[in-house]
Amino acid sequence: DDHKLTLEELSTKYSVNLTTGHSHQRAKEILIRDGPNTLTPPPTTPEWVKFCKQLFGGFSLLLWTGAILCFVAYGIQIYFHEEAAKDNLYLSIVLTVVVVITGCFSYYQEAKSSKIMESFKNMVPQQALVIREGEKMQINVQDVVLGDLVEIKGGDRIPADLRLISARGCKVDNSSLTGESEPQSRSTDFTHENPLETRNICFFSTNCVEGTAQGIVIATGDSTVMGRIASLTSGLEVGQTPIAAEIEHFIRLITVVAVFLGVTFFVLSLLLGYGWLEAIIFLIGIIVANVPEGLLATVTVCLTLTAKRMAKKNCLVKNLEAVETLGSTSIICSDKTGTLTQNRMIVAHMWFDETVYEVDTSEEQTGKTFANNSDTWFILAQIAGLCNRADFKPYQETLPIAKRATTGDASESALLKFIEQSYSSVAEMRKKNPKVAEIPFNSTNKYQMSIHFREDSSQTHVLMMKGAPERILEFCSTFLLHGQEYSMDDELKEDFQNAYLELGGLGERVLGFCFLNLPSSFPKGFPFNTDEINFPMDNLCFVGLISMIDPPRTTVPDAVNKCRSAGIKVIMVTGDHPITAEAIAKRVGIISENTETAQEVAARLRIPVSKVNPRDAKAIVVHGSELKDLRSEQLDQILRNHTEIVFARTSPQQKLIIVEGCQRLGAIVAVTGDGVNDSPALKKADIGIAMGISGSDVSKQAADMILLDDNFASIVTGVEEGRLIFDNLKKSIMYTLTSNIPEITPFLLFIILGIPLPLGTITILCIDLGTDMVPAISLAYESAESDIMKRRPRNPKTDKLVNDRLIGMAYGQIGMIQAVAGFFTYFVIMAENGFRPIDLLGIRLYWEDKFLNDLEDSYGQQWTYEQRKVVEFTCQTAFFVTIVLVQWADLIVSKTRRNSVFQQGMRNKILIFGILEETFLAAFLSYTPGMDVALRMYPLKISWWFCAVPYSILIFVYDEIRKLLIRQRPGGWVERETYY
Amino acid sequence: MRRQLRSRRTPSFPYSYRYRLDDQDELNQNYLADEEEEAEEEARVMVVPKSEEEEEENEKEEEEEEKKEEEEGQGQPTGNAWWQKLQIMSEYLWDPERRMFLARTGLILLIYFFFYASLAAVITLCMYTLFLTISPYIPTFTERVKPPGVMIRPFAHSLNFNFNVSEPETWQHYVISLNGFLQGYNDSLQEEMNVDCPPGQYFIQDGDEDEDKKACQFKRSFLKNCSGLEDPTFGYSTGQPCILLKMNRIVGFRPELGDPVKVSCKVQRGDENDIRSIRYYPESASFDLRYYPYYGKLTHVNYTSPLVAMHFTDVVKNQAVPVQCQLKGKGIINDVINDRFVGRVIFTLNIET
């Protein structure tokens, strides 16, 4: 309530002298009491917690469970047989290592992106000018205390929440707090009940644009308005990312399959007469065999690759999982200022000679933006250039005019740049017509006046004025048309009104311009007094209007369009005025050309707004004050029924409510924003997108992704990448899961048929963590099958990453063919070495007997334990090689889900590399001398490599036919049952 | 929540929009939309016979449940989720709208039945071709089974011979094992089944692969004192155990000509003199060449593996004596590090008195 107090009350409340400020002693005491004037950073999760999250979150949990189960199995084996196979021990160690390495990797990735985040932070300590014991002194902002007397000037950042006690032409830019792009003037007057609206309060971390002011600190650190918003952010619960939900769903599926298989075979093995212990070992073995060891790493690497690709396109992803979130986004709530617009004022239109002229407002303005030969234009340009307090900062002559930094208020700078660009050098103009007197703009008089020497004769003066158009018109009695003065008539007034309304309706800020040639009774050296006006200030000559706008970025309309065709709803949520918001929304296409708001429908049909059928008005502009009175069902109604929505004058809490409303509808919401006011919404959103250049630290902290170039269009790239990675992850998982079947079935048949184990733990690990890795990752580089930006965002409820059809395809079909291929190779080698398939059935007990060294084969030959083990391991190597070879086909088949490979092509070089790599790795593992000792892998005869070939062809042909059927008969049962 | 669920459930379950694809090009999608409408219409026709009363009943029931659910649901949202799942499961089993049991599952099962049937056909074809390429008489590769392994009898799942001479039950099973093993070597049987072929040379039988081959006699009496004919306890009762050694059969294996494979035993670790004396039967301690080559189980039916018996007549008692018996001869390997049964066998004698 400090804004309501008088200065005396204020002085007593903070026990501070309003001229000399605190004593040093007192300031020190308060500092110790209140702590430094900084925002408590959101409770950053300690590094070890982050690390543990990587280590134990989501997918890792599955592997940990596997590792523990293996260890338990090993323990059981050790306990009951002294000489147990070490397989389970190795497996549990390998699983642990995989989890730890992947955990470290993703931790490292995230640490890297958070480091980039750190670099955004402004490390230069901010200084504040305070008055203590009557002395002005520069101190660090964090040392500012409650009740301190602070002086601010144009260009400063406000060091704390201030109650102004004196102000001279002070304007502050509150955009980071409220989203208003126009600077607000500040004075000592109490103008509004609401502390956010009243004039006599300045807020922490906003900027003073111009003027000077003195104020008393009424809040520091976290108790400031900014601090409260920031703490609102940190209190928010963040939901699960969509991909995390997908992975959870996937784990559930895998677990169900694993437990089902495990229990089935547990019962089966009991029925077959195995002991309880053995059956339990089998149970654990089967469950663990279902764990796709390599998938965690694959998914992590795929996401990382995409994150890198996105970073190249100016989307920095803080959280790996957020990579995909953008792809599933169905609603984007975008802030206006700085994201959709260029965040700078620029001259957009002019009205003179009874005509509206348009000015080029694109980002890459080159050369003259406006040319006209009318005398009125010359005079207008002179007024705009001279009656203007903005100036270029020095030493930037080499920069293009549009990029030069200026001092002063945004609209004046806009005029300055415009005149410099399209008329002539303002500096020269000012040199020729020096200023002799001036009344600066303030909110009560709403105009700015300056008196200059006239260019032609330096003896007389000219009075120039600009300001709010209606105020300017009041001063005028004549108007200028093609350089000629005419006396004011009603016709002109009506024209003026129309023009003013038209430009204002475009959401532009309109300024009026007029001048008066002072008579020679005011010669050179005349003491103009601006306080007690001693010169004429009426019967001026009206020249024209200039309107300015913060124009949309050039790429935004196209991006919005793309979003729309991608089925993403773009909602504008801004703190700015509804008219400006609507105008920008129309210009960028958030409200498209042929849709109307209820008001427009009403105007067209000439009926009251209340009678408009809400179905006719697809677009709507909701004012913050209306939003306040809405119940959540009404908000849902609005969000559901209107396709094009603009929320204006919204507060941070309201942004949050809007985001929650969208999420209630089941949408996945992306929020863009740069200000502190956006940060709660950024945090609440499924993916918060902060601006890298203009964004505040708080917003960047709350966001999941950062647009390095502040450009909305980059989001579209993000969406595209996100969708692509979702598709490609699907393919990658399909590929990886497929080999699970040829890995599990050997163990199952080992149990129920009693054949020598066709595929051992080591070879399984060689596949999962060796040969399958690169190909699975290479699928992340696969290009899209169709235009992914032309389809609707996926429905998170039904379009799962891994669904029963994918499992069916991977496990039930392709995997089965692979398993058959593997067993065929196995039987070939066994048979060629003397063990025919029939004789293998039930041989297990004898085969595993270490003391039985004369086991007879089908030819009556007798084998020692080691000799037959060598054959067994040769078979395992061959089984492994077979899986690698059929995985070739699987990889090519997994490249596409709908298209034929012949349509898709084999342009993915990484994929080809992957095929070669896995083949070479397989050959290496088989033929390298010493592998028989190290990994128990044995060299294979060349002919054994070819056992898999027919099955590879079978897989390829089968799947091509399946996809052909899917393409030919959309909606047919092939598609319904097998399209994943 | 249930409402949502029901609204998601489209009229014809298997033909539902749920399977609508997300990345079709527009053309396809239009086409799809048409088809789906048709399908839907068909489905409606199918649904019509369902009496309205029943539906109402269902409605009521569901509404009631919904109410209950609402009451309970607020307290325990997790329970709700489970309830939903149960619902989905039961719908999966019994589709009320199409009035079919396992409607979707049935179709899937059919698809998979055909799929696996064809897969079975493929593997059968492959196995058939495999058997075409494999001879039933001679194994394709024998390099893994070479060089021959060695095995001893009696075999009792252990290579430690621990027994007490004065306690027959400690060695009785060895005797039984040996007796059983030597049944096939009985002189009468051998004379009846097999031929007496000339010693010192291969017994080569040319002829077709599938022709039955004759086998050479190896009579039990060759083993003399270890034949169990004179001493039915094979020396175990006197602390002079007999151990029989045989070489693993390998199709086509021939020892070097004129140089039969010999057996020699010695103490593996420890005092060389712990064994003191071993008698070998046949005295040559070798496998005669006439028992080679072996033509395989199918044609060489009565083949009898030659044996060498080791008679440990004076081994040190009351002490474990590790014995290693090796094959010696050209082309015989007996020092493979990780296979202790190739060309050699190691066992321990621990005879207590």
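Only a predicted model underlies this, so the values are computations on that prediction, with no experimental measurement involved.

## Considerations on the UniProt feature "transmembrane region" (unreviewed entry) in chain A
Residues and elements named next belong to chain A. When the UniProt feature table is mapped onto this chain, "transmembrane region" (unreviewed entry) is found at residues 55–77, 89–108, 250–274, 280–303, 733–755, 805–829, 910–930 and 942–959. The annotated region residues 55–77 carries 91% helix and 0% strand content, and the separation between its end C-alpha atoms amounts to 28 Å. The annotated region residues 89–108 carries 100% helix and 0% strand content, and the separation between its end C-alpha atoms amounts to 28 Å.

## A look at the UniProt feature "transmembrane region" (unreviewed entry) in chain B
Listed under "transmembrane region" (unreviewed entry) in the UniProt record, and renumbered for this structure, are residues 107–131 of chain B. Counted over residues 107–131 of chain B, helix gives 100% and strand 0%. Its end C-alpha atoms are 36 Å apart.

## Observations concerning the interface of chain B and chain A
Interface extent is often summarised as the accessible area lost during association of the parts. At the interface, 63 residues of chain B touch 61 residues of chain A. Here chain B packs against chain A, burying approximately 5,500 Å² in sum over the two surfaces, 57% of which is carbon and sulfur. Linking chain B to chain A there are 4 salt bridges. Residues R153 of chain B and D854 of chain A are paired through a salt bridge, measuring 3.0 Å at the closest nitrogen-oxygen approach. Counting every contact that joins chain B to chain A gives 21 residue pairs in polar contact (both at pLDDT 80 or more). Counting residues per element, the ones that place at least two in the side of chain B that touches chain A are α2 (26–47), α5 (103–133), β3 (150–153) and β5 (242–247) of chain B. Among the elements that make up the side of chain B that touches chain A, the one with the highest residue count is α5 of chain B (14 residues). Along the lines of polarity and charge, the residues of the side of chain B that touches chain A split into 37 nonpolar, 11 polar and 15 charged.

## Quick word on the domain arrangement of chain A
Residue and element names in this part refer to chain A. What the domain assignment reports for chain A is domain 1 (7–36 + 124–235), domain 2 (241–309 + 720–978), domain 3 (315–341 + 553–710) and domain 4 (346–545). Relative to domain 3, the C-alpha centre of domain 1 lies at a distance of 32 Å. Contact with domain 1, which involves 14 residues of that partner, is made by 17 residues of domain 3. When domain 1 packs against domain 3, the two sides together hide about 1,200 Å² of surface, and 57% of this comes from carbon and sulfur. Across the contact surface, domain 1 and domain 3 share 0 salt bridges. Secondary-structure elements contributing two or more residues to the side of domain 1 that touches domain 3 are α6 (175–178) and α7 (225–234). The greatest single-element share of the side of domain 1 that touches domain 3, amounting to 6 residues, is contributed by α7. For the side of domain 1 that touches domain 3, a count of residues per class yields 5 nonpolar, 7 polar and 2 charged.

## Looking at the state of the cysteines
The final tally for this structure, using the stated rule, is 3 disulfides over all chains. There is a disulfide in this structure between C197 of chain B and C216 of chain B, and the S-S distance comes to 1.6 Å. Of the two residues, C197 of chain B is situated in the loop between α7 (187–193) and β5 and C216 of chain B in the loop between α7 and β5; the sequence distance between them amounts to 19 residues. At a sulfur-sulfur separation of 1.9 Å, the disulfide partner of C265 of chain B is C325 of chain B. Every disulfide takes its handedness from the sign of the S-S torsion; for C265 of chain B and C325 of chain B that torsion is 110°, giving right-handed. Separated by 60 residues along the polypeptide, C265 of chain B in strand β6 (residues 261–267) and C325 of chain B in strand β10 (residues 320–328) bring together distant segments of the chain. Both residues of the pair, C265 of chain B and C325 of chain B, count as buried. Cysteine pairing in chain B follows 1-2, 3-4, 5-6, where each cysteine in a disulfide is numbered by its order in the sequence. C104 of chain A forms no disulfide, and the closest cysteine sulfur to it belongs to C52 of chain A, at a distance of 11 Å. Judged by its relative accessible area of 33%, C104 of chain A falls in the partly exposed class.

## Describing the pattern of salt bridges
Residue and element names in this part refer to chain A. Tallying each qualifying case throughout the model produces 45 salt bridges over all chains. Across the salt bridge formed by D335 and K655, the nearest N and O atoms sit 3.6 Å from each other. Separated by 320 residues along the polypeptide, D335 in the loop between β9 (331–334) and β10 (346–352) and K655 in helix α22 (residues 652–664) bring together distant segments of the chain. Accessibility expressed as a relative area gives 4% for K655, which makes it buried. Counted as one network, the salt bridges with shared partners bring together E246, E324, R794 and K800.

## Focus on unusual backbone geometry
For the peptide bond that leads from R153 of chain B to P154 of chain B, omega is 0°, which places it in the cis range. Turning to its location among the elements, P154 of chain B is positioned in the loop between β3 and β4 (160–164). Cis geometry marks the peptide bond from Y281 of chain B to P282 of chain B; its omega dihedral reads -10°. Here P282 of chain B shows up in the loop between β7 (278–281) and β8 (286–287). If you check the backbone angles, E354 of chain A has positive phi at about 60° while not being a glycine. Note on placement: E354 of chain A falls in the loop between β10 and β11 (355–358). One non-glycine residue, R276 of chain B, lies in positive phi territory at about 65°.

Definitions and cut-offs
Residues numbered from 1 in each chain as written. Chains lettered and ligands numbered in written order. Predicted model: local features only at pLDDT ≥ 70, side-chain atom pairs only at ≥ 80, totals over all residues. Heavy atoms only, no water. UniProt positions renumbered as here; feature names shortened; annotations may be inferred. Helix = DSSP H or I, 4+ residues; strand = E, 2+ residues; numbered from the N terminus. Contact = heavy atoms within 4.5 Å. Buried area = accessible area lost by both parts, 1.4 Å probe. Salt bridge = Lys/Arg side-chain N within 4 Å of Asp/Glu carboxyl O. Polar contact = N/O pair within 3.5 Å; in protein donor to acceptor, adjacent residues only side chain to side chain. Nonpolar A, V, L, I, M, F, W, Y, C, P; charged D, E, K, R; others polar. Domains from an automatic or database assignment. Disulfide = S-S within 2.5 Å. Buried < 20%, exposed > 50% of the residue type's maximum accessible area, 1.4 Å probe, protein only.

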